[in-house]
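# Secondary and tertiary structure notes
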Amino acid sequence: MAFVKDILDGTKTLLTGMKVTLNNFRKPSITSKYPIEKIEMSEAFRNVIVLIEKDDIQSHDCIGCKACERVCPSFCIDVDGERPEGMRRMRATEFKVDFALCSDCGLCLDVCPTDTLGYSKIHDETGYNRSDFVYDLLDPWRDAEGPTVERLRKLEEEQAAAKKARTVKKAAAKKAAAKKAETETSKETTEETPTNKNDAENNDA
Amino acid sequence: MASRFDVVQDAESRDTYYLNMGPQHPSTHGVLRLKLHLDGETILSVDPVIGYGHRAHEKMAENRDYLQFLPNPSRVDYISGMIYNIGYCQAIERAMGIEVPERAEYIRVIANELNRISSHLLWLGTFLLDLGAFTPFLYAFDDREKILDILDRVTGSRLTYCYGRFGGVTLDVDDLFLQQTAEFCTHFKTRFALYEELVIDNVIFQERTVGVGVFEPDLIQKYGVSGPCLRAMGQANDVRKDEPYGIYDRFDFDIPTQMAGDCFVRSLVRMDEMRQSVRIVEQAVKDIPDGPFIAPKVPKRIRPAEGEYHFCVESARGNFGIYIVSDGSDIPFRLKMRTPSFANMATMPDVMKGTLLSDAVAILGSIDIVVPEIDR
Amino acid sequence: MSLLANIDGVRETTDIDHSAQGFHHLHVITLDALVPVTQTFFDNGFYLEMMTCQDRREADGIFRLVYQFCTMSTPQRHLVHLDIDPTTSAPSIAHIFPASDWLEREVFDMYGVGFDNHPDLKRILMPEAYPDGAHPLLKDFVDPESKGEADGQSV
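The paragraphs below set out a description of the structure included in this document.

Below, the discussion takes up the overall build of chain B. Regarding its fold elements, chain B presents 15 helices and eight strands. The C-alpha atoms of chain B give a radius of gyration of 21 Å, which matches the 21 Å a tight globule of 376 residues would have. When each of the 376 residues of chain B is scored for burial, the buried share is 64%. Within chain B, contacts between residues at least 6 apart in sequence are counted, and of these 71% link residues at least 24 apart. Surface summary for chain B: the accessible area is close to 13,000 Å², and the carbon and sulfur share equals 52%. In chain B, 40 positive and 54 negative side-chain charges are present, and the distance between their average locations comes to 5 Å.

Structure below.
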């Protein structure tokens, strides 16, 4: 009898399993036929990093400070910067990242002082050699670098001039205010002199 | 060792042979080699050979400062990578005395518990694949994909998270994340009935796992077993309750235990743990406050005071401990990771003796090891 | 800690603030106290949670072996420091705690510390054919199989 019970138990389990699978047969498929159907990467997707354009200067803002190079755990960033003539702000001259080593930790984005690093949505980089994965992040910006530096230099000069003008204006205003205060106090003393004189006369008397 | 078959007493006089369950094997859950000494199908002894996945994480820790080591703990156990990453952050925060804002603590709890559920789902799929059931694998992965999509949207990663930072988390979560999480919890609670029907009540599954791979009670003290393997032996020990870290003491959840200590009840314990994790996530989503997601003043240089620090968290596999020796500089003097799979795997020569080869596959699957965690 | 009060060779015992450092007691012991101390912990229901080593040859000229014992419920964590000369070997405790079988093999593999009466002391993480005398976690270690790249350099 146990033998027959075993068969019945087995059959029941089999039918339960088939019922579950048949139920799921009716549900829509969730597979996407990549690469025919492209998948949207999420907002925070982490992979290849790029330099982002900053609106106020219409270019990237990498100053070559090497903060990202120092913090990278995989030692895959190589940055160099220099100070163009007549400018206070530095500009990056070289920015190479080896994405074969990058571990997508996001620390370089965290420490960037100008917030000019960001993630791109590139997820399908391919190559034949390991050296194919060394990307030059300044490549899209190199053509416009000359005019950009000129524009930034002019901007800096304008800002310096504006600052100087403000300082001069502030000093002049301060001077004017001090002079005004001085004339007012002298006016008060001249106005008060008759009464003082009276008091003096009274006191004397 | 209790077994259903008589162990050969005089192995020398019988025809015994050595079988290699090699490093490349679909059932060993990683690159693990088992040198088996067999008599027919009965295992006389098993000698695990590990080290195929050794990546020198502890040596890397001695060449990088504390912030640069952040991506590494996730790679040690990549299936519950969020728990390891945030656990390392919490270890350094305790050593440095950094306060974490409330919202960040709640975000961490939600992320940890979602990661625990996804780890158990992966275990469920692969364990049943070892036993020969191909269907539940993709069902479990269907649910797991939902979790991965939710976490991918806010962290940017699906598997090896580097989401925690000292003092909080990298990016804030928005209302859509909380809404998706709540919807997932509601949906997932309906799936337990499916898994019960398809897997737990299945006669073949029960035949293969009930009474197989029983852990004797003295193994706990001899090897330091932890995690679901321990809770399936009747001990209600969980780091989240014994030594609460973060804000786990505010949540209302139970520690599921079973008494038998065999493969079947280890599966039951993991199913129950998923239920408890869903409970925690629902409470956290309801109570999460507004506020900053990272501490406003985190020291620029992380330099714990000279001395030793130990911190443990409950990962999906058991008690994960980080032991840091600091000499007052930017770089750790010694960083040791005590991984639960190392201790659980060490019990295998004792437990597998006298079992059949097919039972050995079931036992290895049921203790839920991740071999890179053993090798680091 | 009164647990180890009657054993010779226990040099000092400190109580530690658990909320700051994560463990409760620190014991510094000598070589001949290791086996009695371990037996005491076993008899009192502790398990061996972790065992590791620190390479302190530059500062103090020693290897420091660190053993960590813990109880199951209401965890009480005891750290035991054993300083040994780099050329001597330590007694094995694998006959008391079988967990230390693999842990001692790992310390041997990574630091070259020998353990007397160990059931099978051989490399565990590095390949079997890795050269003798090359122990990776030593501070002055140079990989004999390296091709000259620094850590993190691409080929």
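Attention now goes to a nonpolar patch on the surface. A surface patch of nonpolar side chains, amounting to about 610 Å² of accessible area, comprises Met1, Phe3, Val4, Ile7 and Leu8 of chain A. Locating valine 4 of chain A in the fold gives a position in helix 1 (residues 2-25).

Take the nonpolar core next. Residue and element names in this part refer to chain B. One finds Tyr88, Phe166 and Phe188 to be the most contacted residues of the largest nonpolar core, which totals 87 residues. When residues of this core are traced back to their parent elements, those giving at least two are helix 3 (81-96), helix 4 (102-130), helix 5 (135-155), helix 6 (175-200), helix 11 (263-287), strand 6 (307-315), strand 7 (318-326) and strand 8 (334-338). Among the elements that line this core, the one with the most residues is helix 4, at twelve residues.

Adjacent strands of a sheet form backbone hydrogen bonds with each other and so pair up, either parallel or antiparallel. Residues and elements named next belong to chain B. One open sheet holds the three strands; their spatial order is 1-2-3, and the pairing between them is antiparallel. Only two strands of the sheet have a single neighbouring strand rather than two, namely strand 1 (17-21) and strand 3 (42-49). Put simply, the sheet's adjacent strands are angled 25° from each other on average, direction ignored. Where strand 2 (residues 33-39) and strand 3 come together, seven bridges link them in antiparallel fashion. When the sheet's bridge partners are listed, leucine 38 is paired in strand 3 with isoleucine 43.

In this section: the layout of surface pockets. Volume-wise, the second largest pocket comes out at about 900 Å³. What lines the second largest pocket is a set of 23 residues, and nearest its centre among them are Val71 and Val111 of chain A together with Leu67, Pro299 and Lys300 of chain B. Along the lines of polarity and charge, the residues of the lining of the second largest pocket split into 15 nonpolar, one polar and seven charged.

Quick look at the pairing of strand 7 of chain B now. Residue and element names in this part refer to chain B. Judged by how many residues are buried, strand 7 sits mostly within the fold: nine of nine residues are covered. When strand 6 meets strand 7, the two strands line up antiparallel, connected through nine bridges. Note on strand 7: the bridge partner recorded for histidine 310 is tyrosine 323. Linking strand 6 to strand 7, which pair antiparallel, is a turn of two residues. Where strand 7 lies against strand 8, five bridges are found, and the strand directions are antiparallel. If you follow isoleucine 322 over to strand 8, its bridge partner there is methionine 337.

Conventions adopted
Residues numbered from 1 in each chain as written. Chains lettered and ligands numbered in written order. Predicted model: local features only at pLDDT ≥ 70, side-chain atom pairs only at ≥ 80, totals over all residues. Heavy atoms only, no water. Helix = DSSP H or I, 4+ residues; strand = E, 2+ residues; numbered from the N terminus. Rg over C-alpha atoms; globule rule 2.2 N^0.38 Å. Buried < 20%, exposed > 50% of the residue type's maximum accessible area, 1.4 Å probe, protein only. Contact = heavy atoms within 4.5 Å. Areas by Shrake-Rupley, 256 points an atom, 1.4 Å probe, with all protein chains shown as cover. Lys, Arg positive; Asp, Glu negative; His and termini not counted. Charge placed at Lys NZ, Arg CZ, Asp CG, Glu CD. Patch = residues over 30% accessible without salt bridge, like charges linked within 9 Å, V, L, I, M, F, W, Y side chains within 5 Å. Salt bridge = Lys/Arg side-chain N within 4 Å of Asp/Glu carboxyl O. Core = buried A, V, L, I, M, F, W, Y, C linked by side-chain atoms within 4.5 Å. Pairing = 2+ DSSP bridges. Axes fitted to C-alpha atoms, helices over the stretch in contact; angles between N-to-C directions. 1 Å grid on protein atoms, 1.4 Å probe; cavity = no way out; pocket = protein on both sides within 12 Å on 5 of 7 lines; lining within 4 Å. Points joined across faces, edges and corners; volume = space filled by probe spheres on them. Nonpolar A, V, L, I, M, F, W, Y, C, P; charged D, E, K, R; others polar.

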